[in-house]
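An overview of the molecular structure
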Amino acid sequence: FYFLMEKKDILQRCYKISLVCLGERITKGIRTAVLEGYSIFSGYLNGQLLDAAIMSVLFSAAFLIVGLPYAVLLGLISGFSNLIPYFGAVMAFVLSIFAGLLSGTPMKAVYASILILLLQQIDSLFIVPRAVGRRVELHPAAVLLSLSIFGRLFGFWGLFFAVPLGAVCKSVFGWFYERRKQDFL
């Protein structure tokens with residue numbers, strides 16, 4: 001709370017301390033990196049939240065069509081669990097089958113699982129590239145590599161932040177590459 005109230009003052013003090021301790025050139029580099037990281041993370045989170053909202057609506061509608069009990073609640077949980085790569089898809093699938101089996105009609109579980117698989121494909125092929133991909137400018141292969149590396153290193157939180165961390169790494173590498181390339185030319 002106090003950090004948010006004093007945000008401008010704190011940032012100004014950090015800037016002045018950085019100027020005194022590190023010099024103008026390094027301070028400008030740090031400021032540029034922080035602003036780029038902020039832009040990447042906020043774009044990623046906005047895109048993920050948009051994707052989660054869209055998927056919540058689609059899952060809720062699918063569960064209502066199938067006739068699952070608590071369809072809207074299950075849709076919301078499934079949609080927002082989509083914020084976590086891999087885990088969200090499994091969560092939605094398990095919840096739909098579990099709710100279908102508990103409803104007393106096992107065929108509802110089959111129909112719900114088919115709809116979940118279909119909606120997950122639509123999400124990964126159409127919604128995520130438009131909602132998230134454009135904001136972080138990261139190639140799909142780099143996304144998979146980021147998920148693998150950061151998920152292995154940091155577990156749950158690594159999976160959650162893998163895409164923006166991968167985009168930050170790409171940005172830092174691009175900056176470093178361009179700087180080194182100028183030294184050789």
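Coordinates for the structure precede this section.
Reference entry: report on the structure contained in this document. Just so it is clear, the structure is predicted and the values come from calculations on it, not from any experiment. (Residues numbered from 1 in each chain as written. Predicted model: local features only at pLDDT ≥ 70, side-chain atom pairs only at ≥ 80, totals over all residues. Heavy atoms only, no water.)

**Here's the deal with the environment of Pro 129**
- Within the secondary structure layout, Pro 129 lies in helix H6 (residues 106–136).
- A sequence separation of 82 residues divides Pro 129 from Gly 47, and the C-alpha atoms of the two residues are 9.4 Å apart.
- Not counting the four nearest positions on each side in its chain, Pro 129 is found in contact with Asp 123, Ser 124 and Arg 134. (Helix = DSSP H or I, 4+ residues; strand = E, 2+ residues; numbered from the N terminus. Contact = heavy atoms within 4.5 Å.)

**Examining the packing of helix H4 (residues 71–81) against helix H5 (residues 87–102)**
- H5 packs onto H4 with a crossing angle of 160° between their chain directions and a minimal axis gap of 7 Å. Between H4 and H5, the crossing angle belongs to the class labelled roughly antiparallel. At the point where H4 passes H5, the crossing takes the right-handed sense. Residue-level inspection shows Leu 74, Ile 77, Ser 78 and Ser 81 of H4 in contact with H5, the latter providing Phe 87, Gly 88, Met 91, Ala 92, Leu 95 and Ala 99.
- Considered class by class, the residues forming the contact of H4 with H5 number 7 nonpolar, 3 polar and no charged. (Axes fitted to C-alpha atoms, helices over the stretch in contact; angles between N-to-C directions. Parallel < 35°, antiparallel > 145°, perpendicular 65-115°, else oblique. Left-handed = near helix turned anticlockwise from the far one by under 90°. Nonpolar A, V, L, I, M, F, W, Y, C, P; charged D, E, K, R; others polar.)

**Points about helix H2 (residues 7–22)**
- Between its terminal C-alpha atoms H2 stretches 21 Å, which fits the 22 Å expected from 16 residues at 1.5 Å a residue.
- Phi turns positive one or two residues past the end of H2, at Gly 23, with a value near 95°. (Expected span 1.5 Å × (residues − 1).)

**With respect to the side chain of Ser 96**
- Inspection of the secondary structure assignment puts Ser 96 in helix H5.
- With relative accessibility at 0%, the residue Ser 96 sits in the buried group.
- Leaving out residues up to four positions away in the same chain, Ser 96 has contacts with Phe 63, Leu 68, Ala 109, Ala 112, Ser 113 and Ile 116. (Buried < 20%, exposed > 50% of the residue type's maximum accessible area, 1.4 Å probe, protein only.)

**Some remarks on the packing of helix H3 (residues 24–66) against helix H7 (residues 140–184)**
- In contact at an axis separation of 9 Å, H3 and H7 are set at 145° when each is read in the N-to-C sense. Like other packed secondary-structure pairs, H3 and H7 cross with a definite hand, here right-handed. Where H3 abuts H7, its residues Arg 25, Glu 36, Gly 37, Ile 40, Phe 41 and Tyr 44 lie against Phe 160, Phe 161, Val 163, Pro 164, Leu 165, Ala 167, Val 168, Ser 171 and Arg 179.

**Examining the packing of aromatic side chains**
- Scanning the entire structure with this criterion turns up 6 aromatic pairs.
- Members of the aromatic cluster, each reached through a chain of ring pairs, are Phe 41, Phe 156, Trp 157 and Phe 161. (Phe/Tyr/Trp six-rings, centres within 6.5 Å; stacked < 30°, edge-to-face > 60°.)

**Overview of the layout of surface pockets**
- Taken as a whole, the largest pocket spans an internal volume of roughly 680 Å³.
- Considering the residues around the largest pocket, the lining is formed by 23 residues, among which Pro 85, Ser 124, Val 128, Val 143 and Leu 147 are closest to the centre.
- Listing elements by their share of the lining of the largest pocket, those giving two or more residues are H3, H6 and H7.
- Residues that form the lining of the largest pocket fall into these classes: 15 nonpolar, 6 polar and 2 charged.
- Taken as a whole, the second largest pocket spans an internal volume of roughly 510 Å³.
- For the second largest pocket, the lining is made up of 13 residues, of which Leu 11, Tyr 15, Arg 31, Val 34 and Leu 35 are closest to its centre.
- Going through the elements one at a time, H2 and H3 are the ones with two or more residues in the lining of the second largest pocket. (1 Å grid on protein atoms, 1.4 Å probe; cavity = no way out; pocket = protein on both sides within 12 Å on 5 of 7 lines; lining within 4 Å. Points joined across faces, edges and corners; volume = space filled by probe spheres on them.)

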